[in-house]
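Chain and residue survey
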Number of protein chains: 4
Amino acid sequence: MDVGFVGIGRMGRGIAGRVLGAGHALTVHNRTPGKTAELAAAGATVADSVAGACDGAEAVLTMVADDDALSEVVLAPGGLRDSLAPGAVHVTMGTHGVDAVRTLDAAHRESGQTLVAAPVLGRPDMAAAGQLGIVAGGPPEAVDRCRPLFDVIGTRTFEAGPRPESATAIKLANNFVLGCSIQVMAEAFALAGAYDVAPQTLFEVLTEGLFSAPAYKVYGDIIAREDYDRVGFTSALALKDVTLTLEAALAAGMPLPSANVLRDRLLGAIGHGDAERDWAVLAREQLRASGRA
Amino acid sequence: MDVGFVGIGRMGRGIAGRVLGAGHALTVHNRTPGKTAELAAAGATVADSVAGACDGAEAVLTMVADDDALSEVVLAPGGLRDSLAPGAVHVTMGTHGVDAVRTLDAAHRESGQTLVAAPVLGRPDMAAAGQLGIVAGGPPEAVDRCRPLFDVIGTRTFEAGPRPESATAIKLANNFVLGCSIQVMAEAFALAGAYDVAPQTLFEVLTEGLFSAPAYKVYGDIIAREDYDRVGFTSALALKDVTLTLEAALAAGMPLPSANVLRDRLLGAIGHGDAERDWAVLAREQLRASGRA
Amino acid sequence: MDVGFVGIGRMGRGIAGRVLGAGHALTVHNRTPGKTAELAAAGATVADSVAGACDGAEAVLTMVADDDALSEVVLAPGGLRDSLAPGAVHVTMGTHGVDAVRTLDAAHRESGQTLVAAPVLGRPDMAAAGQLGIVAGGPPEAVDRCRPLFDVIGTRTFEAGPRPESATAIKLANNFVLGCSIQVMAEAFALAGAYDVAPQTLFEVLTEGLFSAPAYKVYGDIIAREDYDRVGFTSALALKDVTLTLEAALAAGMPLPSANVLRDRLLGAIGHGDAERDWAVLAREQLRASGRA
Amino acid sequence: MDVGFVGIGRMGRGIAGRVLGAGHALTVHNRTPGKTAELAAAGATVADSVAGACDGAEAVLTMVADDDALSEVVLAPGGLRDSLAPGAVHVTMGTHGVDAVRTLDAAHRESGQTLVAAPVLGRPDMAAAGQLGIVAGGPPEAVDRCRPLFDVIGTRTFEAGPRPESATAIKLANNFVLGCSIQVMAEAFALAGAYDVAPQTLFEVLTEGLFSAPAYKVYGDIIAREDYDRVGFTSALALKDVTLTLEAALAAGMPLPSANVLRDRLLGAIGHGDAERDWAVLAREQLRASGRA
């Protein structure tokens, strides 16, 4: 399959490597050129424009940082909208907002192209190992055509339905549940600590019981050790995500009170200088909010 | 070991049965007499008063519904304070508030007795099978003396520290984390649903990924099926718990914003007639709050 | 009219002085005896017990600090319940909780006495000048009998209805609206300040427009000057009030989200050492919560 | 003074009429042409394009519905940016977001023009009578040049400082304080109502006391009468405003917890069909949230 790939960051490199490794003909493009060297060495063609990555491609995958970057890649002159062949598929794998996805979906439809939103679940090391989860939303026929790609990128593809923004909503919901898990742990550890409970004890009670899951084991451990410089996901990126979540909720006319709590405490953490620390630093913000830190 | 037991409800019966089965001499008392028949048939002595359950006991376990009931059992004339031998231990296994526990701790100390707070994690069927988790707080020597009992009651005893209210705080924190998990799922399922996501899909994304834990599997399933009459824990009891949590936080001078969200939505659910439904009915309350139910 | 008065603090002294000045026969009692000297010099009889203040009284007014003090005055042996004549009226003028008021109402009824809740609106200087507002709740006949007293204590008596706790609810609602006004100003001044607006400018926009009322003029001025040591009402007392408000709401099954915000920020302010500052210090807590102070 | 005016809605008509009445040469433009007839009859020149309203003008005033309309008026080909003479002033009098204002400010600067943000306080009838308040932000020299206009439009001009977005922030803050006043009244009336308090009684306690201001008198009266079809400002417009407020706060890195409460309840009210009712319908939403309506 002829595949294009735009956006060779930490996640993109792993995903593109999997596609290449499975024998697909891959043309890659990145705004900053150096990042494609490794993939070129492994056999990928390097294009110096988005249009070049679209040339002859049945599908172009994008993994870019935010909505503005994605809009630029698609809508700017020479972008995907202009360059992708009619009938071809644009698979966007980043975390984006529902408004951006809807706008791009409409733009692709007008050009006879198809948008599939396929945000991924997992970290860069999992991307490189083909261990991601994929949430795919879009016309079933288009999703089916992408399945050979999904099968080498991830271990499981969850089908979100025929609308791309359904996949977007799942990804946002997943990250929202994670963020709130951390915020609630922040509160719970602070409360227990106020009654002389050692954080390790609460960590064990939670993770050996009802909360024996990665979300609690990974982030509960960071909180228990106050090890906020071990960064999985920064407070700044988390604020971006919860803002997208609240925008999606607003567009649906829905209050999300737990998201308000999460956002406000992220704002506090960032205001206190913790923007680039792991978002488990919410635990420190909880202590600040009660005058204990 | 001579053991007394006060409060033979669904949890108490299971726990008392484990103690009896391990060969301890057990005297049981319940305000409503009929409930002790089964234990009597299995060899327990039945006392018709709290004082009778204390007679000769090295330790008396209590499992009663709320703080008022516990205060009555301990402080009323002829209660544990009056009847427990000096040097004996009162092990309270219910979920109580920190104020109540502190008050009773002081009362027991004045009478030369010791309070151990040992709230349990798990349901009645786990109690009967000796599968509970136990969180024990109190003077180490007293906790050690109770260890033979804890070993037959549960699979693991978490040591909360020398103050009984530390165990109380852990239990409240655990239930608070659980309640918020449900509330956050309520919001996440509603948000995804507004974007045409099938609840089963989100359930799988969550529970096969970062949230592969009982809290999410059990309650996420109830939410996905809207099966709120399958009651594990009622909204009314949940409101009692979160109120205790907020009181503990207030006494510690600590805001708990996620607990506010949980309490307010439980109040809404109860106001809409769902007091005796499973607290996963928070998912329905989330829909009501956005005009979708 | 033979009148007793219990609780000669800053408010009580002013109110009792008005009653005395209108020619009523007044017997006063205070736990700490020295505080009654001024009233004694003005013609009041001083009783050394609550019972003494009840002796021969048609009505006993109480103005005590909190629910515990009020319960002690009424329910302790020799208290109002034991000492007030059948048919006499207890007029409680402090700010209390609905639970306490209901409990005392029931206790008085059992003793053939009547409780009128008549919390007051205003400060000590207004009390001394007979400028208070009074919110009276209780059986109409009892309220009518107290009217000669209310007429010299305040400028207007608002009739809350036949249940004492209705007056309690009005007083709590009034203080709640005030607290939230301050909290909202705290947020508004901080937001405007982030866009280089001088606080005095926002103060003028608000108070010369839609918010030309004492609540905004008094507390907006404190915020604009950051003059939190000019104490009208402390954060600690405000926390007590909003806690009573939330308890009243909980008893009524009602979420009060603005009260949650107010309480949490008061907790933060107190945690940061501002318990005895004016509650307008919420403006500083707002800056702390965003990392700006 | 040669003045242009774009946006002849209910507010714009009144303001433009004042400018015309003071003897300034006025050219007006509205997207929908019919609305300018009245002003034309009074002596205004009607332009059929934005560019026409800019022709020869020292200042162009705009009063348009939202940020998108304002951006269109300024940035579209032939808009203010293209048509306004260098050195001329654009005075935007609507309620806009800080991002939009910053963007337009930069665009005007690049074209050698000046933006003054001058949002107004008051309703259409006050606009027609010259009774508005004006909050003016922008370079002092430009604000001074507009003063003859402000003097006939309003009774007082508040100077927000040299940055247009400072005026924007004041206007948003004022509306935010108003919205929260209504939300808090919604909660207070519901709480008091739960204790059998007549709404009129609470209304009098508030508005004869600390809250004797238009915000409370106007909206408290609507709440007390449940007269939500007497529309001063709709829930839908209020949601737009509070969204702008939260965006301004987010851009400043600031949590605004009271704005979260306001937004969520507006979303609920709108979800329940009250989008076009007066935003005092928040009182009904409070009852819904507690299962009482």
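Residues numbered from 1 in each chain as written. Chains lettered and ligands numbered in written order. Predicted model: local features only at pLDDT ≥ 70, side-chain atom pairs only at ≥ 80, totals over all residues. Heavy atoms only, no water.

Below, the discussion takes up the pairing of strand β4 (residues 59-62) of chain A. Residues and elements named next belong to chain A. Burial along β4 is two-sided: the residues Ala-59 and Leu-61 and Val-60 and Thr-62 are all buried. Relative to β4, strand β1 (residues 2-6) runs parallel, the two sharing 4 bridges. Within β4, the residue paired with Gly-4 across the bridge is Val-60. (Buried < 20%, exposed > 50% of the residue type's maximum accessible area, 1.4 Å probe, protein only. Helix = DSSP H or I, 4+ residues; strand = E, 2+ residues; numbered from the N terminus. Pairing = 2+ DSSP bridges.)

Placing chain A over chain C gives an RMSD of 0.0 Å and needs a rotation angle of 180 degrees, together with 0.0 Å of translation along the axis. Overall, the copies show the geometry of a two-fold rotation axis. Among all residues of chain A, the minimum C-alpha distance to the rotation axis is found for Ala-289 of chain A, at 3.3 Å. Mapped onto chain C, 100% of the interface residues of chain A are again interface residues, and the two copies thus contact each other with one and the same surface. (Least-squares fit on C-alpha atoms with pLDDT ≥ 70 in both. Contact = heavy atoms within 4.5 Å.)

Below, the discussion takes up the interface of chain A and chain C. Between chain A and chain C, the residue contacts involve 8 residues of the former and 8 residues of the latter. Regarding the contact of chain A and chain C, the summed buried area is about 460 Å², with carbon and sulfur atoms giving 43% of it. For the pair chain A and chain C, the interface holds 0 salt bridges. Linking chain A with chain C are 2 residue pairs in polar contact (both at pLDDT 80 or more). For the side of chain A that touches chain C, the secondary-structure elements that each account for two or more residues are α13 (257-271) and α14 (282-289) of chain A. Counting residues per element, the side of chain A that touches chain C draws most heavily on α14 of chain A, at 3 residues. (Buried area = accessible area lost by both parts, 1.4 Å probe. Salt bridge = Lys/Arg side-chain N within 4 Å of Asp/Glu carboxyl O. Polar contact = N/O pair within 3.5 Å; in protein donor to acceptor, adjacent residues only side chain to side chain.)

Okay, unusual backbone geometry next. With phi around 50 degrees, Glu-226 of chain A is a residue other than glycine that occupies positive phi space. Counting through the fold element by element, Glu-226 of chain A comes out in the loop between α11 (214-225) and α12 (235-251). Using a relative accessible area of 59% as the deciding quantity, one classes Glu-226 of chain A as exposed. Positive phi values are uncommon outside glycine, yet Asp-196 of chain B reaches one of about 65 degrees. In this fold, Asp-196 of chain B is placed in the loop between α9 (164-194) and α10 (199-207).

These values are about where atoms sit, not about what they do.
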